[in-house]
Amino acid sequence: MSDFALQLLLTFDATLRLAAPLILCAMAGIFSERSGIIDISLEGKMLSAAFTAAAVAHLAGSPWLGVAAAIAVSVALGLVHGFACITHRGNQVVSGLAINILASGLTVTIGIALFRQGGQTPPLASDDRFRPITWWLVDGINQIPLIGTIYRELISGHNALVYVALAAVPLSAWLLYKTRFGLRLRAVGEVPEAVDSAGVSVYWLRYRAVIIAGMLCGLAGAYLSTGQGAGFVREMSAGKGYIALAAVIFGKWRPAQAFAACLMFGFLEAAAARLQGIHIPLIGEAPVQLMLALPYIMTVLLLAGFIGRANPPAAIGEPYVK
Amino acid sequence: MAGAAGEQHGSVEPPPAIELRGVSKAFGLVQANKNIDLVVQPGTIHGIIGENGAGKSTLMNILYGLHRADSGEMYINGALAPIHSSADAIACGIGMVHQHFMLVPNFSVLENVMLGSEGGMLLAEGREETLGTLKKFADEYGMTVDAEVLVGDLPVGLQQRVEIIKALKGGAKILILDEPTGVLTPQEAVSLFKILGTLKQDGVTILLITHKLEEIMATTDTVSIMRQGEMVGHRATAETNPEELAELMVGRKVLLQVDRGTSDPGEVNLSVSGLGCVSPHGSSLISDISFDVRVGEIVGVAGIAGNGQSELMEALAGMRPPSTGTINILGQTITADGQSDPQIMRAAGLAHIPEDRHKFGLVLGFEARENAILGYHYSRRSGDGRLIDGAAVTAHCRELMSAHDVRPANPQLTARNFSGGNQQKLVIARELDANPQVLIVGQPTRGVDIGAIEFIHKELIALRDQGAAILLISVELEEVLGLADRIMVMNNRQQVGIITRAEADEQTLGLMMAGITPDKGT
């Protein structure tokens, strides 16, 4: 195997690791936005979940308890968003922004109060975090050229939450397109009056959507601090929630397309990291900053109508009033 | 749906399909329904007729559980039915076709029909059954629709068909249709009424909400008439006639005395010829309207609300482009292919007091002084035409307020905080300040207290005497009779005729409003 191919494979491997939180958040965004609730609080929910997961994992000594607590906190924030936007018909962007600001401040404040390490959690011991899972037969398959390497590097050796993220995509698609809940959820984001007139509660549907979004963001946050990293660092979500939202828009509010967008954004990040300071013939220094900005630039171009058309759910952002 | 109709026919008279007792509903200060009683026999087509805003839709939304009545009781098939949500109504066997369709445009017909009754957790479970339902409607009622087409791609008539199937799919025996023909072409309407006839034969009770007299006369067995939130009469259709219905809908009210003086019409300031408008869907909104308004006269437009008056007004104000005909304002002609917008009309010398002051007349969240320059904010009123001079705007508003008796005379008060009458006076003040040669005014005294009504009427007469040509559109018959020098009557989106004030009495107007052309007049 050539060096270039191996480098590429390793980049793909990193892509998966970097895309996992994006995928979980993007699926969360799809559920929320398909129900008609704008969700810019993906970022804040993920950040809160990251802190909670690391703190609980450290204190309780179990990453699974950490994940459970992270999901609980993230769902609670989702319910706050729902209470403001669904029950009280507040402005969804303002509510989301408030949650993001709250998360950014509160994680550090509580972190300092609990651990006195400048807002970080103590580094997690190896047992307190999700470790790579080595799949069966790696040693056996490894003997096969090419496939063996791909199996070892790309498919095997991720932590549990990466696989959860990958499973979330077909699961979300199935839920949206094949179930009663999905049909109603899609309808409530388009014409909530039709759902109401069919005798189905608009509010309860939207609450369920923000709860699901909260659960997925909880997983994403837990992944950041107990899977990918080993502990919480302030602002560790670093705009990933917004990139996930861009992926939702880029994927036209569909799970498979949003997944592809997440992979693309993840790849750009992985490639940027790998190309840091590397001299490329003809181009010169690799334009790392540009690559990191590309997700945003592409989303703007998409929204401006240069790449296909993105039609958001018709009732998005509008509180339902009978 | 087909099936169990008529089983209950025995020696005992079946209970009414629907019975409402003392149903009332208020939205804030507006009493939308007052103590409504209604009895509808099973297997009949029952019409509910009334002007726009008479409370018909509110009543039906209560029956369908979308609104909750403040008081009153509902009985379905003789049993007390506490309907608090659409789910309750559906469980009671009630289906509703809303005025604005409750359809998801980017869903297929199948998905739209399934919504709410999917038949299980998984869509696959209910799919076959729903396809079967669609086939049944196609076979039994000729209501054929392609299950896989996106609803948004269907013409309006077929969308309505999907709505009817949705309403009846669960075996509903009571079908409410709210203004079903408003969006239909005449051919689509014919086909709809044919379907309703078949449904009735199958024992479905149909409630038809409309403001169109001819539909009531042609299709219903019995009819109830609503006016201003109240039930004002119940009739067997065979025993009534359009004139009586029109009179009940509009009502007789105490004639307000207006000192009109005598008019002295001069040259023609506003001339409309062959004017027609079509909706974006292609259905005709108004057609073939021709009239003149001369200097020093008020021409009133009478008619039951919803017969094209609003659209005529919008066309004249430049809010809706004409599709045929011409509008001539002081020699400046606006044609169907030319430009038409409110600014052009205003520049030509026309002022417009809209029917709905909240929607088109004011920005409720703005201060009175800001509202007083809306539409004229490029003119000297607001400063030099580029920057807004706050002090000048305030002074100007204060002047208007004292000249037109707007109370409280506080230019900085938000428009929302004025009473209806004072809001209206503010709009009138703004429009009259432009010294218009032509004024179109719609429902000038709607929701206005009696004192303000008098003041507004006097202002209109004064403007006429100063030499303006005024077109007054009002559903208040006595207002038209009190102010107008000539009266044009509209019915079914066309003009029935124009008569002079001397020729006009309530009976003649009533006939004309029902679409019956009088012997004289043009």
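Predicted model, so just to flag it, every value in this text is computed and none were measured.

**A closer look at the pairing of strand E6 (residues 94-97) of chain B**
All names here are of chain B.
Now for step 1: The side-chain alternation of E6 yields two buried faces, one formed by Ile94 and Met96 and the other by Gly95 and Val97.
Now for step 2: Of the strand pairs in this sheet, E6 and strand E7 (residues 174-178) are connected by four bridges, and their pairing is parallel. By the bridge assignment, Ile94 is partnered in E7 with Ile174.

**Re the layout of surface pockets**
All names here are of chain B.
Now for step 1: In this structure, the second largest pocket occupies an estimated 480 Å³ of space.
Now for step 2: Every residue lining the second largest pocket is counted, 30 residues in all, and those nearest its centre are Ile90, Ser117, Lys166, Lys169 and Gly170.
Now for step 3: Those elements that provide at least two residues to the lining of the second largest pocket are helix H2 (86-91), E6, helix H3 (109-114), helix H4 (123-141) and helix H5 (156-168).
Now for step 4: When residues of the lining of the second largest pocket are assigned to their parent elements, the largest contribution, four residues, is made by H4.
Now for step 5: Partitioned by chemical class, the residues of the lining of the second largest pocket number 12 nonpolar, 13 polar and five charged.

**Quick notes on the domain arrangement of chain B**
All names here are of chain B.
Now for step 1: On domain assignment, one finds that chain B holds domain 1 (2-250), domain 2 (268-363 + 419-424 + 435-513) and domain 3 (366-413).
Now for step 2: The partner domain 2 presents 11 residues to the 10 residues of domain 1 that form the contact.
Now for step 3: Approximately 990 Å² of surface area, both sides summed, lies buried where domain 1 meets domain 2, with 61% of it carried by carbon and sulfur atoms.
Now for step 4: The largest per-residue losses of area from domain 1 upon contact with domain 2 belong to Glu51, His211 and Val250, which jointly make up 37% of the total buried on that side.
Now for step 5: Along the contact surface separating domain 1 from domain 2 lie zero salt bridges.
Now for step 6: Where domain 1 touches domain 2, the interface holds zero residue pairs in polar contact (both at pLDDT 80 or more).
Now for step 7: Elements with a minimum of two residues in the side of domain 1 that touches domain 2: helix H7 (213-219) and helix H8 (242-250).
Now for step 8: The greatest single-element share of the side of domain 1 that touches domain 2, amounting to four residues, is contributed by H8.

**With respect to helix H1 (residues 56-63) of chain B**
Now for step 1: Of all the eight residues making up H1 of chain B, seven are buried; the element is thus mostly covered by neighbouring parts of the structure.
Now for step 2: Inspection of H1 of chain B places Lys56, Thr58, Leu59, Met60, Asn61, Ile62 and Leu63 of chain B among the buried residues, and these make up the whole buried set.

**Observations concerning the sheet that holds strand E9 (residues 222-227) of chain B**
Residue and element names in this part refer to chain B.
Now for step 1: Spatially, the six strands line up as an open sheet ordered E6-E7-E8-E3-E9-E10, and their pairing is mixed. Where the open sheet ends on each side, the last strands, each with one partner, are E6 and strand E10 (230-236). Averaged over all pairs of adjacent strands, the angle between their axes in this sheet comes to 20°, without regard to strand direction.
Now for step 2: On the sheet, helix H6 (residues 186-201) packs against strand E3 (45-50), E7 and strand E8 (205-210) and is oriented at approximately 150° with respect to E8.
Now for step 3: Those strands touched by H8 are E3, E9 and E10, and its axis lies near 30° from that of E9.

**So, the sheet that holds strand E11 (residues 268-278) of chain B**
Residue and element names in this part refer to chain B.
Now for step 1: As summarised here, the arrangement of the four strands in space is E12-E11-E14-E15, forming an open sheet in which the pairing is antiparallel. Strand pairing shows two members of the sheet lacking a second neighbour, strand E12 (284-294) and strand E15 (332-335), which therefore form its edges. The average angle at which neighbouring strand axes cross in this sheet is 15°, direction not considered.
Now for step 2: One ladder, built from seven bridges, connects E11 with E12; its direction is antiparallel. Within E12, the position partnered with Ser271 by the bridge is Asp292.
Now for step 3: Each of E11, E12 and strand E14 (324-329) touches helix H9 (residues 309-317); the most contacted strand, E12, lies at about 65° to it.

**A closer look at the interface of chain B and chain A**
Now for step 1: Residue-level contacts link 23 residues of chain B with 20 residues of chain A.
Now for step 2: Summing both partners gives a buried area of about 1,800 Å² for chain B against chain A, and 63% of it is carried by carbon and sulfur.
Now for step 3: When the area that chain B buries against chain A is broken down by residue, the three leading residues are Met102, Leu115 and Leu123 of chain B, summing to 27%.
Now for step 4: Remark: the boundary between chain B and chain A carries two salt bridges.
Now for step 5: Of the charged contacts in the structure, one is a salt bridge between Arg184 of chain A and Glu118 of chain B, with a shortest N-O distance of 2.8 Å.
Now for step 6: On inspection of chain B and its partner chain A, the count reaches eight residue pairs in polar contact (both at pLDDT 80 or more).
Now for step 7: If you list the elements that add at least two residues to the side of chain B that touches chain A, you get H2 and H3 of chain B.

**So, the packing of aromatic side chains**
Now for step 1: Under the counting rule described, the total for this entry stands at seven aromatic pairs over all chains.
Now for step 2: Aromatic ring contacts, followed pair by pair, group Trp135, Tyr151 and Tyr163 of chain A into a single cluster.
Now for step 3: We note Arg346 of chain B situated over the ring of Tyr376 of chain B; from NZ or CZ to the ring centre the distance is 5.0 Å.
Now for step 4: If you follow Lys425 of chain B out to its NZ or CZ, it ends over the ring of Phe455 of chain B, 5.1 Å from the centre.

**Here's the deal with the confidence of the model for chain B**
Residue and element names in this part refer to chain B.
Now for step 1: Summary statistics for chain B give a mean pLDDT of 88 and a share of 95% for residues scoring 70 or more.
Now for step 2: Confidence over residues 1-10 falls short of pLDDT 50; this stretch has 17 contacts with residues more than four positions distant or in other chains.
Now for step 3: This prediction of the complex comes with two scores: 0.78 for pTM and 0.89 for ipTM.

**Let's talk about a nonpolar patch on the surface**
Residue and element names in this part refer to chain A.
Now for step 1: A contiguous nonpolar patch, built from Leu59, Leu102, Leu106, Ile110 and Leu114 and spanning about 460 Å² of accessible area, is present on the exposed surface.
Now for step 2: Here the element with the most residues in the nonpolar patch is helix H4 (residues 92-115); it accounts for four residues.
Now for step 3: Tracing the backbone shows Leu59 in helix H2 (residues 42-60).

**A look at the packing of H5 of chain B against H6 of chain B**
Residues and elements named next belong to chain B.
Now for step 1: Two elements in contact, H5 and H6, have axes whose closest approach is 10 Å; the angle formed by their N-to-C orientations is 20°. Judged by the inter-axis angle, H5 sits roughly parallel to H6. Two packed elements cross with a definite hand, and for H5 against H6 that hand is right-handed. The segment H5 lies against H6, with Val156, Gly157, Gln160, Arg161, Ile164 and Leu168 engaging Glu188, Ser191, Leu192, Ile195 and Leu199.
Now for step 2: Taken together, the residues that form the contact of H5 with H6 break down as six nonpolar, three polar and two charged.

**So, the side chain of Glu355 of chain B**
Residues and elements named next belong to chain B.
Now for step 1: With respect to the helices and strands, the residue Glu355 is situated in the loop between strand E16 (350-353) and helix H11 (357-361).
Now for step 2: Buried charged residue Glu355 carries no salt bridge. Nearest counter-charge: Arg446, at 5.0 Å.
Now for step 3: Reaching out from Glu355, the side chain makes a polar contact with the side chain of Ser310 at a distance of 2.9 Å.
Now for step 4: Not counting residues within four places of it along the chain, the set of residues in contact with Glu355 comprises Ser310, Met313, Gly442, Gln443 and Arg446.

**Some points on the nonpolar core**
Most often, soluble globular proteins have nonpolar side chains that are buried together.
Now for step 1: Ranked by internal contacts, the top residues of the largest apolar core, which has 120 residues, are Leu216 and Phe265 of chain A together with Ile164, Leu175, Leu196 and Leu199 of chain B.
Now for step 2: The leading source of residues in this core is helix H10 (residues 202-228) of chain A, at 12 residues.
Now for step 3: Other than its neighbours up to four places away in sequence, Ile164 of chain B contacts Val97, Met143, Leu175, Leu177, Leu192 and Leu199 of chain B.

**A few points about empty space enclosed by the protein**
Residues and elements named next belong to chain B.
Now for step 1: One pass over the structure, following the stated rule, counts two cavities of 30 Å³ or more.
Now for step 2: One number sums up the size of the largest cavity: a volume of about 40 Å³.
Now for step 3: Forming the walls of the largest cavity are Ala317, Pro342, Arg346, Leu350, Ala351, His352 and Glu431.
Now for step 4: Within the residue set of the lining of the largest cavity, elements represented by two or more residues are helix H10 (342-347) and E16.
Now for step 5: Looking at the lining of the largest cavity element by element, the count peaks at three residues for E16.
Now for step 6: Residue composition of the lining of the largest cavity, grouped by class: four nonpolar, one polar and two charged.

**Remarks on the pairing of E8 of chain B**
Residue and element names in this part refer to chain B.
Now for step 1: Burial within E8 is extensive, with six of its six residues counted as buried.
Now for step 2: Of the two faces of E8, the one holding Thr205, Leu207 and Ile209 and the one holding Ile206, Leu208 and Thr210 are both buried throughout.
Now for step 3: Sheet topology note: the E7/E8 ladder contains five bridges and is parallel. Within E8, the position partnered with Ile174 by the bridge is Thr205.
Now for step 4: This β-α-β element, E7 to H6 to E8, shows right-handed connectivity.

Calculation rules
Residues numbered from 1 in each chain as written. Chains lettered and ligands numbered in written order. Predicted model: local features only at pLDDT ≥ 70, side-chain atom pairs only at ≥ 80, totals over all residues. Heavy atoms only, no water. Buried < 20%, exposed > 50% of the residue type's maximum accessible area, 1.4 Å probe, protein only. Helix = DSSP H or I, 4+ residues; strand = E, 2+ residues; numbered from the N terminus. Pairing = 2+ DSSP bridges. 1 Å grid on protein atoms, 1.4 Å probe; cavity = no way out; pocket = protein on both sides within 12 Å on 5 of 7 lines; lining within 4 Å. Points joined across faces, edges and corners; volume = space filled by probe spheres on them. Nonpolar A, V, L, I, M, F, W, Y, C, P; charged D, E, K, R; others polar. Domains from an automatic or database assignment. Contact = heavy atoms within 4.5 Å. Buried area = accessible area lost by both parts, 1.4 Å probe. Salt bridge = Lys/Arg side-chain N within 4 Å of Asp/Glu carboxyl O. Polar contact = N/O pair within 3.5 Å; in protein donor to acceptor, adjacent residues only side chain to side chain. Axes fitted to C-alpha atoms, helices over the stretch in contact; angles between N-to-C directions. Phe/Tyr/Trp six-rings, centres within 6.5 Å; stacked < 30°, edge-to-face > 60°. Lys NZ or Arg CZ within 6 Å of the ring centre and 35° of its normal. pLDDT = per-residue confidence, 0-100. Patch = residues over 30% accessible without salt bridge, like charges linked within 9 Å, V, L, I, M, F, W, Y side chains within 5 Å. Areas by Shrake-Rupley, 256 points an atom, 1.4 Å probe, with all protein chains shown as cover. Parallel < 35°, antiparallel > 145°, perpendicular 65-115°, else oblique. Left-handed = near helix turned anticlockwise from the far one by under 90°. Lys, Arg positive; Asp, Glu negative; His and termini not counted. Core = buried A, V, L, I, M, F, W, Y, C linked by side-chain atoms within 4.5 Å. Right-handed = clockwise from strand over helix to strand, strands pointing away.

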